[in-house]
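Fold and contact review
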Number of protein chains: 2
Amino acid sequence: MVAMAALDGDLGWTLGVVFRAYVKASTAVMADVPGGHRGYQVLTAAAREEAPSQSALGAQLGIDRTVLTYLLDDMERADLVARKPDPADRRARRIVATEAGHALLCTLEERLARAEAHILAGLPAKDRRTLKSLLSRLAAHANALDPVDSTCAVVEDLTTPHPT
Amino acid sequence: MVAMAALDGDLGWTLGVVFRAYVKASTAVMADVPGGHRGYQVLTAAAREEAPSQSALGAQLGIDRTVLTYLLDDMERADLVARKPDPADRRARRIVATEAGHALLCTLEERLARAEAHILAGLPAKDRRTLKSLLSRLAAHANALDPVDSTCAVVEDLTTPHPT
DNA sequence: TATTGTTATACTCTATAACTATA
DNA sequence: TATAGTTATAGAGTATAACAATA
């Protein structure tokens, strides 16, 4: 257990606990998908968007293009997506979800919803809505606040490299 | 950016965004600490508890004992903690925070609080309290709900091993 | 020359197992 | 025999760089 109730009202702590619970549950859901969470994300994008190119996918999902190659190899082998030649650019490949891919995606989304409900089960319906709304507001804001004013950073480098 | 607004009211999504924002900010805070977050956790435990043994530390923080050895090597080299012999058990070492360790811990906690405030800045004070309270309730509950009824698991193994 | 995708290599983390010194 | 801590080895995941085909 990663427990230890350091500062219990601590945001980082509670956020971490809840997030890890969610990750754990969703990881179980994704267990059989090649690439796990990433495979799911790719599948979602391939099913929703208009056959994105690999570079577009990578940029969108924050997946390195070299990693994406291997991931798509696995997913193609599992018959979840296919690489189609782009008629307009012979260098590019457009990623489309296969029928099996769409079917799996449905199943996954359903199971994810169940996992979410399970996590939120500790809260009455009204509080659940409140929490989701607050988080959503914060998320919208968080995307825009990258410049974490680290003006006061740099203490002194305490890190020593492993001497092997 | 890991963006992509898939289902925007989605718990996993918003939770992930907020959590990652927090992780990013706190990672910046921990940048100079050997072992990053883990180093911070170890430092906290060493400063608070009564000189825990390595095995106690590992169990408490979910850090493998072999990893802990390397981590403590680095932290000791940086003069943040020290390994003291346990008078009662000559196999064990008790981990204590040095003076520099305590000092650093203070600084880190202060900077963490600032990072947290920064993340929460998107919400008015009242909502901030509500969110923290809801999360805290959920966290308390989450620790006890490990048995994610995966009764309906196992679809079929789509994973294919890399042929290298 | 720049870009899309692939491949090969290297590096970082983590996990496993084997070893010592105690108990 | 079992436990605390250390060390060595091997694996997964990721990052870097070089390459082929095309723009």
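Residues numbered from 1 in each chain as written. Chains lettered and ligands numbered in written order. Predicted model: local features only at pLDDT ≥ 70, side-chain atom pairs only at ≥ 80, totals over all residues. Heavy atoms only, no water.

1. Overview of the overall build of chain A
Counting secondary structure elements, chain A contains six helices and two strands. In chain A, the succession of α and β elements from N to C terminus is α-α-α-α-β-β-α-α. Counting all 164 residues of chain A, 43% fall into the buried class. Contacts in chain A between residues at least 24 apart in sequence constitute 48% of all its contacts with a sequence separation of at least 6. Element-wise, carbon and sulfur atoms account for 55% of the exposed surface of chain A, whose accessible area totals about 8700 Å². (Helix = DSSP H or I, 4+ residues; strand = E, 2+ residues; numbered from the N terminus. Buried < 20%, exposed > 50% of the residue type's maximum accessible area, 1.4 Å probe, protein only. Contact = heavy atoms within 4.5 Å. Areas by Shrake-Rupley, 256 points an atom, 1.4 Å probe, with all protein chains shown as cover.)

2. Looking at the protein's contact with DNA strand C
Surrounding DNA strand C, one finds 18 residues, the nearest of these being A:Gln54, A:Ser55, A:Arg91, A:Arg93 and B:Arg91. A:Arg91 is positioned with one of its side-chain polar atoms (N or O) 2.8 Å from a base oxygen of DNA strand C. Separating a phosphate oxygen of DNA strand C from a side-chain N or O atom of B:Arg38 is a distance of 3.5 Å. With four residues, the single largest contributor to the surface near DNA strand C is helix α4 (residues 65-77) of chain A. Class assignment for the residues of the surface near DNA strand C results in two nonpolar, six polar and ten charged. (Near = heavy atom within 4 Å. Polar contact = N/O pair within 3.5 Å; in protein donor to acceptor, adjacent residues only side chain to side chain. Nonpolar A, V, L, I, M, F, W, Y, C, P; charged D, E, K, R; others polar.)

3. A short note on the protein's contact with DNA strand D
Around DNA strand D, 18 residues are found, and the nearest of them are B:Gln54, B:Ser55, B:Arg83, B:Arg91 and B:Arg93. B:Arg65 has a polar side-chain atom sitting 3.1 Å from a base nitrogen of DNA strand D. Contact between DNA strand D and B:Tyr70: a base nitrogen at 3.4 Å from a side-chain N or O atom of the residue. If you list the elements that add at least two residues to the surface near DNA strand D, you get α4 of chain A together with α3 (54-61) and α4 (65-77) of chain B.

4. Some remarks on the packing of aromatic side chains
Here the structure, examined in full by the defined rule, presents one aromatic pair over all chains. Relative to B:Phe19, the ring of A:Phe19 lies with its centre 4.3 Å away and its plane at 25 degrees, an arrangement referred to as stacked. With A:Phe19 in helix α1 (residues 11-30) and B:Phe19 in helix α1 (residues 11-30), the pair connects residues from two separate chains. There is no split in this pair, since A:Phe19 and B:Phe19 are both buried. (Phe/Tyr/Trp six-rings, centres within 6.5 Å; stacked < 30°, edge-to-face > 60°.)

5. Looking at the side chain of A:Thr14
Considering the arrangement of structural elements, one finds A:Thr14 in helix α1. A residue is classified by how much of its surface remains accessible, and A:Thr14, at 2% relative accessible area, is buried.

6. Remarks on the nonpolar core
In summary, soluble globular proteins display a tendency toward joint burial of nonpolar side chains. A:Val42, A:Leu131, B:Val42 and B:Leu131 are the most contacted members of the largest nonpolar core, which has 86 residues in total. Those residues in contact with A:Val42, other than ones at most four positions away along the chain, are A:Leu57, A:Leu61, A:Ile63, A:Leu68, A:Leu71, A:Leu72 and A:Met75. (Core = buried A, V, L, I, M, F, W, Y, C linked by side-chain atoms within 4.5 Å.)

7. Comments concerning the pattern of salt bridges
As enumerated under the stated definition, the model contains 18 salt bridges over all chains in all. Residue A:Asp89 pairs with A:Arg91 through a salt bridge whose shortest N-O separation is 3.0 Å. With relative accessibility at 24%, the residue A:Asp89 sits in the partly exposed group. Two residues, B:Arg83 and B:Asp73, come together in a salt bridge whose shortest N-O distance is 2.2 Å. With a gap of ten residues between them, B:Arg83 in strand β1 (residues 81-85) and B:Asp73 in helix α4 connect regions that are remote in the sequence. Looking at B:Asp73, the relative accessible area reads 26%, which means it is partly exposed. Sharing partners across several salt bridges, the network here consists of A:Asp73, A:Glu76 and A:Arg83. (Salt bridge = Lys/Arg side-chain N within 4 Å of Asp/Glu carboxyl O.)

8. Focus on α4(B)
Counting along an α-helix, one turn takes 3.6 residues, and residues three or four places apart therefore face a common direction. All names here are of chain B. For α4, built from 13 residues, the straight-helix expectation of 18 Å at 1.5 Å per residue is met to within 8% by its first-to-last C-alpha distance of 18 Å. Looking at α4, one finds that the buried residues are Leu 68, Leu 71, Leu 72, Asp 74 and Met 75. One side of α4 holds all its buried residues, which, seen down the axis, span an arc of 160 degrees. Check the buried side of α4 and you find it contacts α2 (36-48), α3, β1 and β2 (93-97). After α4 finishes, the residue Asp 79 shows a positive phi value of roughly 60 degrees. (Expected span 1.5 Å × (residues − 1). Arc of directions from axis to C-beta.)

9. A look at unusual backbone geometry
Phi is mostly negative for residues that are not glycine, and the peptide bonds are mostly trans. We note that B:Ala51 has phi near 45 degrees; this positive angle belongs to a residue other than glycine. Tracing the sequence through the fold places B:Ala51 in the loop between α2 and α3.

10. Description of the environment of B:Arg83
All names here are of chain B. Residues Arg 83 and Arg 111, spaced 28 residues apart in sequence, show a C-alpha to C-alpha distance of 27 Å. When near neighbours in sequence (up to four residues on either side) are disregarded, Arg 83 contacts Gln 54, Thr 69, Leu 72, Asp 73, Glu 76, Arg 93, Arg 94 and Ile 95. A distance of 3.2 Å separates a polar atom in the side chain of Arg 83 from a polar atom in the side chain of Gln 54.

11. A closer look at the packing of α3(B) against α4(B)
Residues and elements named next belong to chain B. At a minimum axis separation of 10 Å, α3 and α4 run at an interaxial angle of 110 degrees. The pairing of α3 with α4 is recorded here as roughly perpendicular in orientation. Of the two possible hands of crossing, α3 and α4 adopt the one that is right-handed. In this structure, α3 contributes Gln 54, Leu 57 and Gly 58 to the contact, and α4 contributes Leu 68, Thr 69 and Leu 72. Split into classes, the residues belonging to the contact of α3 with α4 amount to three nonpolar, three polar and no charged. (Axes fitted to C-alpha atoms, helices over the stretch in contact; angles between N-to-C directions. Parallel < 35°, antiparallel > 145°, perpendicular 65-115°, else oblique. Left-handed = near helix turned anticlockwise from the far one by under 90°.)

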